[in-house]
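Listed here are the chains, written in short residue letters.
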Amino acid sequence: MPLSFNLGRLVVELVEGDITELEADAIVNAANEYLKHGGGVAAAIVRKGGWVIQEESDRYVREHGPVPVGGVAVTGAGRLKARYVIHAVGPRYGDPQGDEKLASAIRNSLLKAEELGLESIALPAISTGVFGYPYERCARIMAGVLKEFAPSAKSLRRVVVCLYGREAYETFRRVFEEELR
């Protein structure tokens, strides 16, 4: 049973698991600027959803250029349960504007879901893998963005924060219980 937090009409659920297995209108991929999905969550998304996701990503970069840090791009979801993959480019830990860029990546994912008229989205702990962000810092930034975003949510009703591994889940649980209750 997921842990949930009500932010007005927006429900935020916290789950530990594999984001590629979730039922949501869109899942968010923690991506790099060139949308090369070679490791971590990105590789799992392409492995389960199919190579078509990488092909659409490559086409996006050819047509629009690299995605700026803090920005997002959208592709179909191939064989995944979701309809879309929103590729969010998070910062590397240590970037002087990293916290603002991470907040932008999270916010832009939510705004893109709204633009697409979606009701549900699943977010991973963006930038906490190879980009080195500490779980606690990511959790505090995400909680802040969710609180700020919730009053303006129109179509979006459910945000699932999907964490891979016990340490990530427990850190986010603790922070969300402090920040979202």
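Basis of the calculations
Residues numbered from 1 in each chain as written. Predicted model: local features only at pLDDT ≥ 70, side-chain atom pairs only at ≥ 80, totals over all residues. Heavy atoms only, no water. Helix = DSSP H or I, 4+ residues; strand = E, 2+ residues; numbered from the N terminus. Expected span 1.5 Å × (residues − 1). Contact = heavy atoms within 4.5 Å. Pairing = 2+ DSSP bridges. Axes fitted to C-alpha atoms, helices over the stretch in contact; angles between N-to-C directions.

Attention now goes to helix α5 (residues 166-179). Along its 14 residues, α5 runs 20 Å from first to last C-alpha, staying within 8% of the 20 Å computed at 1.5 Å per residue. Those residues of α5 hidden inside the fold are in contact with β1 (3-7), β2 (10-16), α4 (135-149) and β7 (158-163).

Across the sheet, 7 strands lie side by side as β1-β2-β7-β6-β3-β5-β4; this open sheet has mixed pairing. On the outer flanks of this sheet lie β1 and β4 (72-76), each paired with one strand and no other. On average, each strand axis in the sheet is inclined to that of its neighbour by 25 degrees, with strand direction left out of account. Of the pairings in the sheet, the one linking β2 to β7 comprises 6 bridges and is parallel in character. Among the inter-strand pairings, V15 is bridged to a residue of β7, identified as C162. Its contacts with the sheet place helix α2 (residues 52-64) against β4 and β5 (84-89), and it is angled at close to 135 degrees to β4. Along the sheet, α5 makes contact with β1, β2 and β7, crossing β2 at roughly 150 degrees.

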